[in-house]
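# Coordinate analysis (summary)
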Amino acid sequence: MKSIEEKRAEFRRLHESGCFGLPNPWDIGTAKYLQHLGFKAIATTSAGFAFSRGLSDGAVTRDDMLAHIKELVEATDIPVNADFENGYADDPNWVAENARLCAETGVAGLSIEDAADRMESPLYDVNLAVERIHAVREALQDTGSIK
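Description of the structure in this document. The shown structure was predicted, so the numbers you read here are calculated from the model rather than taken from an experiment.

It is worth spelling out the sheet that holds strand S1 (residues 42-43) at this point. Spatially, S1-S2-S3 is the arrangement adopted by the three strands of the open sheet, whose pairing is parallel. Because the sheet does not close on itself, it has two edges, and the strands there are S1 and strand S3 (109-111). Pairing geometry for S1 and strand S2 (residues 80-83), over two bridges, is parallel. Of the residues in S2, the one forming a bridge with Ala43 is Asn81.

As a further point, take the layout of surface pockets. Where empty space is left becomes clear once a probe the size of a water molecule has been rolled over the atoms. Considering only enclosed or pocket space, the largest pocket measures out at about 580 Å³ in volume. Along the walls of the largest pocket sit 21 residues, with Arg12, Ala108, Gly109, Ser145 and Ile146 positioned nearest its centre. Considering each element in turn, the lining of the largest pocket owes the most residues, six residues, to helix H1 (residues 4-16). In terms of residue class, the lining of the largest pocket is built from eleven nonpolar, five polar and five charged.

Looking at the element boundaries, Asn81 is found in strand S2. On the basis of relative accessible area, Asn81 is assigned to the buried category, the value being 10%. A distance of 3.2 Å separates a polar side-chain atom of Asn81 from the backbone nitrogen of Leu110. Once residues within four sequence positions are removed from consideration, Asn81 is found in contact with Phe11, Ile42, Ala43, Thr44, Gly109, Leu110 and Ser111.

Okay, the side chain of Asp83 next. Following the sequence through the fold, Asp83 ends up in strand S2. Comment: no salt bridge for buried Asp83; closest opposite-charge side chain is Arg132, at 11 Å. Side chain to side chain, Asp83 and Ser46 meet in a polar contact 2.9 Å long.

Once that is clear, we can look at helix H6 (residues 126-143). Counted at 1.5 Å a residue, the expected span for H6 with its 18 residues is 26 Å, and the 26 Å between its end C-alpha atoms agrees. Of the residues making up H6, those classed as buried are Ala129, Arg132, Ala135, Val136, Ala139 and Leu140. End-on, the buried residues of H6 take up no more than an arc of 125°, which puts them together on one face. Those residues of H6 that are exposed and aimed more than 90 degrees away from the buried face are Val126, Asn127, His134, Glu138 and Asp142. Those residues of H6 that are buried are in contact with helix H5 (92-103) and S3. The backbone nitrogen of Asn127 has a side-chain oxygen 3.0 Å away, supplied by the residue at the start of H6, namely Asp125. Immediately beyond the C-terminal end of H6, within one or two residues, lies Gly144, with a positive phi of roughly 85°.

Cut-offs applied
- Residues numbered from 1 in each chain as written.
- Predicted model: local features only at pLDDT ≥ 70, side-chain atom pairs only at ≥ 80, totals over all residues.
- Heavy atoms only, no water.
- Pairing = 2+ DSSP bridges.
- Helix = DSSP H or I, 4+ residues; strand = E, 2+ residues; numbered from the N terminus.
- 1 Å grid on protein atoms, 1.4 Å probe; cavity = no way out; pocket = protein on both sides within 12 Å on 5 of 7 lines; lining within 4 Å.
- Points joined across faces, edges and corners; volume = space filled by probe spheres on them.
- Nonpolar A, V, L, I, M, F, W, Y, C, P; charged D, E, K, R; others polar.
- Buried < 20%, exposed > 50% of the residue type's maximum accessible area, 1.4 Å probe, protein only.
- Polar contact = N/O pair within 3.5 Å; in protein donor to acceptor, adjacent residues only side chain to side chain.
- Contact = heavy atoms within 4.5 Å.
- Lys, Arg positive; Asp, Glu negative; His and termini not counted.
- Salt bridge = Lys/Arg side-chain N within 4 Å of Asp/Glu carboxyl O.
- Expected span 1.5 Å × (residues − 1).
- Arc of directions from axis to C-beta.

The structure is reproduced here in structure tokens:
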């Protein structure tokens with residue numbers, strides 16, 4: 001198996017080379033099958049994983065999602081990008097801590113949504129959204145997960 005660092009470097013090269021397919025497996029079986037088909041990377045699907053558990057999108061706990069992400073990372077030899085909901089927090093410091101935990105699973109990348117999931121305000125205020133992303137980037141740089 002490739003190391004986490006090798007998978008992250010490979011994921012960066014894929015981004016630098018232009019467009020590439022990034023399918024979304026919902027379990028180990030589909031992850032392995034997509035690798036077998038020749039995909040160079042995969043991305044988790046929070047909705048797909050939730051639905052496979054009989055839950056609605058957004059109903060999977062952070063710890064269950066972290067375990068699922070780690071499972072996919074360990075099952076394949078290709079980079080995995082994590083669909084990490086809204087980072088499982090509103091506060092920038094908590095989003096950063098949760099992103100650090102996600103990086104510890106061995107993912108090559110992660111996506112943080114800007115949805116606040118509130119009826120009155122479905123998206124985060126732009127300033128808060130920017131603050132959240134800056135906090136995540138700083139936390140990941142501090143761990144050496146990104147450069």
